[in-house]
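# Understanding the architecture of this molecule
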Amino acid sequence: MQGIQDPTLFQKQQALARFLNVDPDSLAASRGSLYGFKAFFHGNNEAYLVLTDAEATTAAEHAVSEKLWFICLETLFAYFDIDAYPSDVLGRMKTKEIRRVNDEIKTLLHNTSGMPALQQKMLSCGNRKNLLADYDQAEYFHNGYFIYRLY
């Protein structure tokens, strides 16, 4: 596997390798980004974000904006004690439709309290790990970085 040239990404790769107790060369950085940051892949079944505290907060703020549809459904289901999960919609709606719904909710927020108010409130309630760690909703701190498993 090709080595990572960026010093910051290299440090994150090393921290994740120590956390997982694997060879750093078994970890590959993503080509694109998620919430503004590179992810790391370990094999075909695991992906992680490795972030500083400030980066994790920024990523979580982006996640709020991108997961509004999910947050709304989850809240509705919990409020009315409905035995369903927001992820159930994924097999029934196209990604394009979900994005459209998310954009409409963004518009509603923009015209009321604004996105920053929601982002601040969600993070003040300790939801960073829930927003970033889709796999287990856990936040791990290791070697100066917060680690979130995506899948």
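Attention here is on the structure that accompanies the text.

The next thing to look at is helix α2 (residues 53–66). Over its 14 residues, α2 extends 20 Å from the first C-alpha to the last, a length consistent with the 20 Å expected when each residue adds 1.5 Å. Buried within α2 we find Glu55, Ala56, Ala59, Ala60, Ala63, Val64 and Ser65.

Attention now goes to the sheet that holds strand β2 (residues 39–42). As summarised here, the arrangement of the five strands in space is β1-β2-β3-β5-β4, forming an open sheet in which the pairing is antiparallel. Either end of the sheet is taken by a strand with one partner, and the two such strands are β1 (27–29) and β4 (140–142). In this sheet, adjacent strand axes meet at a mean angle of 35° when their direction is disregarded. When β4 meets strand β5 (residues 145–149), the two strands line up antiparallel, connected through three bridges. Residue pairing in the sheet places His142 in a bridge with Tyr145 of β5.

Before going further, it helps to examine the layout of surface pockets. Space inside the largest pocket adds up to approximately 800 Å³. Contributing to the lining of the largest pocket are 23 residues, with Tyr35, Glu66, Lys67, Trp69 and Phe70 lying nearest its centre. For the lining of the largest pocket, the secondary-structure elements that each account for two or more residues are α3 (68–79), α4 (95–110) and α6 (128–132). Here the element with the most residues in the lining of the largest pocket is α4; it accounts for six residues. Class assignment for the residues of the lining of the largest pocket results in nine nonpolar, seven polar and seven charged.

Next up on the list: the nonpolar core. Among the nonpolar cores identified, the biggest contains 27 residues, and Leu49, Leu51, Val64, Leu131, Leu132 and Tyr148 are the most heavily contacted of them. Broken down by secondary-structure element, the contributors of at least two residues to this core are β3 (46–51), α2, α3, α4, α5 (115–124), α6 and β5. If you tally residues by element for this core, the top one is α2, at five residues. For Val64, the contacting residues outside a window of four places in its chain are Ile71, Met115, Leu118, Gln119, Met122 and Leu131.

Calculation rules
- Residues numbered from 1 in each chain as written.
- Predicted model: local features only at pLDDT ≥ 70, side-chain atom pairs only at ≥ 80, totals over all residues.
- Heavy atoms only, no water.
- Helix = DSSP H or I, 4+ residues; strand = E, 2+ residues; numbered from the N terminus.
- Expected span 1.5 Å × (residues − 1).
- Buried < 20%, exposed > 50% of the residue type's maximum accessible area, 1.4 Å probe, protein only.
- Pairing = 2+ DSSP bridges.
- Axes fitted to C-alpha atoms, helices over the stretch in contact; angles between N-to-C directions.
- 1 Å grid on protein atoms, 1.4 Å probe; cavity = no way out; pocket = protein on both sides within 12 Å on 5 of 7 lines; lining within 4 Å.
- Points joined across faces, edges and corners; volume = space filled by probe spheres on them.
- Nonpolar A, V, L, I, M, F, W, Y, C, P; charged D, E, K, R; others polar.
- Core = buried A, V, L, I, M, F, W, Y, C linked by side-chain atoms within 4.5 Å.
- Contact = heavy atoms within 4.5 Å.

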